[in-house]
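# Structural overview
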Amino acid sequence: MSVRLKIALTIFITGALTALGVIATVLFAFQRFEHETTYHRADAFLGRVVSMYENIFEMHERHPEEFNAFLRNLVLFEPDTQLYLLDAQGTVLSSTGAVKLPPGFKVALRPVHEAIGGAAMAYVMGDDPERMDANAVIAARPVRRAVIRNDDVPAGYLYLVSHSPVLSEGRLQVFGSTFAKPALAAIVGVVGLATLLAAWIIAAVTRPLRQLTGAVATISQRGLDEGVPGTPERLLPAPTPDEFGRLTAAFEMMLDTCRRQWAALRRLDHFRREGVSNLSHDLRSPLTATAAVLETLESRWAGDAARDDDRGLVAMALRNTRNAARLVQSLGDLAQLDEPEFKLRTEVLDAAELLDDIVLRFGQRAAQCGVALRADHPDDASAAPPFAALDIELFERAVANLVDNALKFSRSGDRITLAAGVRGGHVEVSVSDTGAGIAAADVPHLFDRFYQSRHSVAPATGEGGKGLGLAIVKRIAELHGGDVRVSSEIGRGTCVTLSLPSPAM
């Protein structure tokens, strides 16, 4: 969810909750106003009745039926109002209601005492004998007998129940025409204005953040050289005197630092590659000359038994010289492959055909080691041939490195199998062996440069690796747009797979 949407949802939810709160407050205040108005009108009405008729109790006792008619006449012009005469215990003696109450029906006296108490009350809610709900506003006045007694105890109470008026259909139409439609129009206008204002605020607030996000995405895709000072297109927004402006300025400083560091790293990397390439080139000639001299000495002393010890020393020196020459060659090749300007010379061909050439190339060495080396071709004639866009020299170099590595770590009687096939839109070339296997802790680091696995010693040959062969394999796979992966198990062997993209045919 974007920041804009979050801000918009926050404004909308806040506005909706505020509107609901205002509506609830208005309804509550309106209801309280109605209750207070009804109560004070009812209390004033009862006050007038009690002051005009001082013998209400005697009137009820002399003519009960006529008294009911008298009460109904009193509330004739008071809609939604019922008047009751109660005795001192709250029993209903007379009523204006149409519902006939059971004999001895009583109402709660607590609201009655609150209504006749001396304290000023906003309104009092009490029992409605007809509906028995708590939504009735009641008013009460004590009624005394005409005979004056010393205790001045009320003989009963006039009890008035008032309900909130129910709007008729006509009154509802009037209410809608005078309040609902204007209010609805006002609400729609306010919501529309607030929406436009919120949209403008959101756009103004988030515009720098959107520009900053776009700049980060552009730099991530195109590199740190994009949008440098002096280019026609400015990626970062102009700094503003707010939080987004400070964020932009901080990002610009960080970007400038990254560019400087990246430029320094590129210079160092170029110096490293150039230095390694020059060193490799300069060392090849003396190493080749040294190896030639040692080979000459070894051939001269071949038939001289007195020179056996010297021949042993020469053989050791020759072996180390050749290892050093191979290491120098690998360093030079890896430096060349790392050059940004290095380009592949690719052509589309069947990768399986190249495997047969590599098997022939290493066949004699494998036979000397007692290792069975073969290329495995699928028996299914309908299988898609593993065509790939390959630089033949580099591809053969990568597979040869894998075969060479497998021979170093295979024992007599082991097998090395080369295979190529198509899987999931990729051409997969694998070199698997049944050798000693690789420890699980070594597998993630096999393609790191100068990392030597299996304790740095090949058990079959006693020769140690230099940690560059598999690094060259990985670099060649990357140059072809693919990758390389390893699966291995101690004592059961290793399988290295080159995964290359299959060209569109």
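Up top is the structure.
Residues numbered from 1 in each chain as written. Predicted model: local features only at pLDDT ≥ 70, side-chain atom pairs only at ≥ 80, totals over all residues. Heavy atoms only, no water.

Each helix and strand in the protein was counted, giving 10 helices and 12 strands. Within the protein, the fraction of its 505 residues that count as buried is 33%. In the protein, of all internal contacts separated by at least 6 residues, the share reaching a separation of at least 24 is 66%. Carbon and sulfur atoms form 59% of the exposed surface of the protein, whose accessible area is close to 30400 Å². (Helix = DSSP H or I, 4+ residues; strand = E, 2+ residues; numbered from the N terminus. Buried < 20%, exposed > 50% of the residue type's maximum accessible area, 1.4 Å probe, protein only. Contact = heavy atoms within 4.5 Å. Areas by Shrake-Rupley, 256 points an atom, 1.4 Å probe, with all protein chains shown as cover.)

What follows is about the pairing of strand β8 (residues 387-390). Only one face of β8 is covered, namely the one carrying A388 and L390; the face carrying F387 and A389 has none of its residues buried. In terms of strand pairing, strand β6 (residues 347-350) meets β8 through 4 bridges, oriented antiparallel. Across the sheet, residue V348 finds its bridge partner in β8, namely A389. (Pairing = 2+ DSSP bridges.)

Our next topic: the packing of helix α9 (residues 392-408) against helix α10 (residues 469-479). It is the contact of α9 with α10, at a shortest axis distance of 9 Å, that shows an interaxial angle of 145 degrees. Crossing handedness for the pair α9 and α10: left-handed. When α9 is examined against α10, the residues L394, F395, R397, A398, N401, L402 and N405 are found in contact with a partner set consisting of G469, L470, I472, V473 and I476. (Axes fitted to C-alpha atoms, helices over the stretch in contact; angles between N-to-C directions. Left-handed = near helix turned anticlockwise from the far one by under 90°.)

Below, the discussion takes up the sheet that holds strand β4 (residues 136-143). The strand order across the open sheet built from 5 strands is β2-β1-β5-β4-β3, with neighbouring strands paired in antiparallel fashion. Only two strands of the sheet have a single neighbouring strand rather than two, namely β2 (92-95) and β3 (125-126). When β4 meets strand β5 (residues 156-162), the two strands line up antiparallel, connected through 7 bridges. When the sheet's bridge partners are listed, I138 is paired in β5 with V161. Of the strands in this sheet, β1 (81-87), β2 and β5 touch helix α3 (residues 64-74), which is tilted by about 60 degrees from β2.

Attention now moves to the pairing of strand β11 (residues 483-489). Note on strand geometry: in a regular strand, side chains alternate between the two faces of the sheet. Of the pairings in the sheet, the one linking β11 to strand β12 (residues 493-501) comprises 7 bridges and is antiparallel in character. In the sheet register, S487 faces β12, and the bridge partner there is C495. The loop that links β11 with its antiparallel partner β12 comprises 3 residues; one of these, G491, has a positive phi angle of about 85 degrees.

So, on to the nonpolar core. One finds F395, V399, V403, L418, V429 and L498 to be the most contacted residues of the largest nonpolar core, which totals 43 residues. Considering every element that reaches this core, the biggest residue donor is α9, with 9 residues. Residues I56, F70, A139 and V161 belong to the second largest nonpolar core, which totals 36 residues. (Core = buried A, V, L, I, M, F, W, Y, C linked by side-chain atoms within 4.5 Å.)

What follows is about the sheet that holds strand β7 (residues 372-376). If you trace the 5 strands from one edge of the open sheet to the other, you get β7-β9-β10-β12-β11, paired in mixed fashion. With one partner strand each, in any of the chains shown, β7 and β11 form the two edges of the open sheet. When the angles between neighbouring strand axes are averaged without regard to direction, this sheet yields 15 degrees. The strands touched by helix α8 (residues 351-369) within the sheet are β7, β9 (415-423) and β10 (426-433), with β7 carrying the most contacts at an inclination of about 175 degrees.

All right, on to the side chain of T81 then. Here T81 shows up in strand β1. In this structure, T81 is in contact with V75, L160, V161 and S162, ignoring residues within four places of it in sequence.

Bringing α9 into the picture now. In this model α9 runs 24 Å from its N-terminal to its C-terminal C-alpha over 17 residues, within 8% of the 24 Å that 1.5 Å per residue would give. Buried within α9 are the following residues: L394, F395, A398, V399, A400, N401, L402, V403, A406, L407 and K408. (Expected span 1.5 Å × (residues − 1).)

For the structure on display, the rule yields 3 aromatic pairs. Arranged with centres 5.8 Å apart and planes meeting at 40 degrees, the rings of F67 and F70 form a pair that is tilted. Residue F67 and its partner F70 are both found in helix α3; the two are separated by 3 residues, about one turn of the helix. Taking relative accessible area as the criterion, F67 reaches 2% and is therefore assigned buried. The class for F70 is buried, based on a relative accessible area of 17%. Judged by centre distance (6.3 Å) and plane angle (55 degrees), the ring pair of Y84 and Y159 falls under tilted. Here Y159 lies in strand β5 and Y84 lies in strand β1, a separation of 75 residues in the sequence. (Phe/Tyr/Trp six-rings, centres within 6.5 Å; stacked < 30°, edge-to-face > 60°.)

Okay, the environment of L283 next. The topology assignment puts L283 in helix α6 (residues 243-300). Taking the C-alpha atoms as reference points, L283 and A324, 41 residues apart in sequence, are found 9.3 Å from one another.

With that settled, consider a nonpolar patch on the surface. A cluster of nonpolar residues, L5, L9, F12, I13, L17 and L20, forms a patch on the protein surface that exposes about 610 Å² of accessible area. Within the secondary structure layout, L9 lies in helix α1 (residues 3-52). For L9, a relative accessible area of 35% corresponds to the partly exposed category. (Patch = residues over 30% accessible without salt bridge, like charges linked within 9 Å, V, L, I, M, F, W, Y side chains within 5 Å. Salt bridge = Lys/Arg side-chain N within 4 Å of Asp/Glu carboxyl O.)

Let's shift gears to the side chain of E428. Examined against the element boundaries, E428 turns out to sit in strand β10. Among the polar contacts listed, one links the side chain of E428 to the side chain of R485, at a separation of 2.9 Å. Once residues within four sequence positions are removed from consideration, E428 is found in contact with A419, A420, G421, R423, R485, T497, L498 and S499. (Polar contact = N/O pair within 3.5 Å; in protein donor to acceptor, adjacent residues only side chain to side chain.)

What follows covers the pattern of salt bridges. Applying the stated criterion across every chain, the model contains 13 salt bridges. For R374, the salt bridge goes to D376, with nearest N and O atoms at 3.8 Å. What makes R374 partly exposed here is its relative accessible area of 44%. Among the salt bridges present, the one from R492 reaches E489, with a minimum N-O distance of 4.0 Å. Relative accessible area serves as the criterion here: at 43%, E489 is assigned to the partly exposed category. Salt bridges sharing partners connect three or more residues here, namely R365, D404 and K408.

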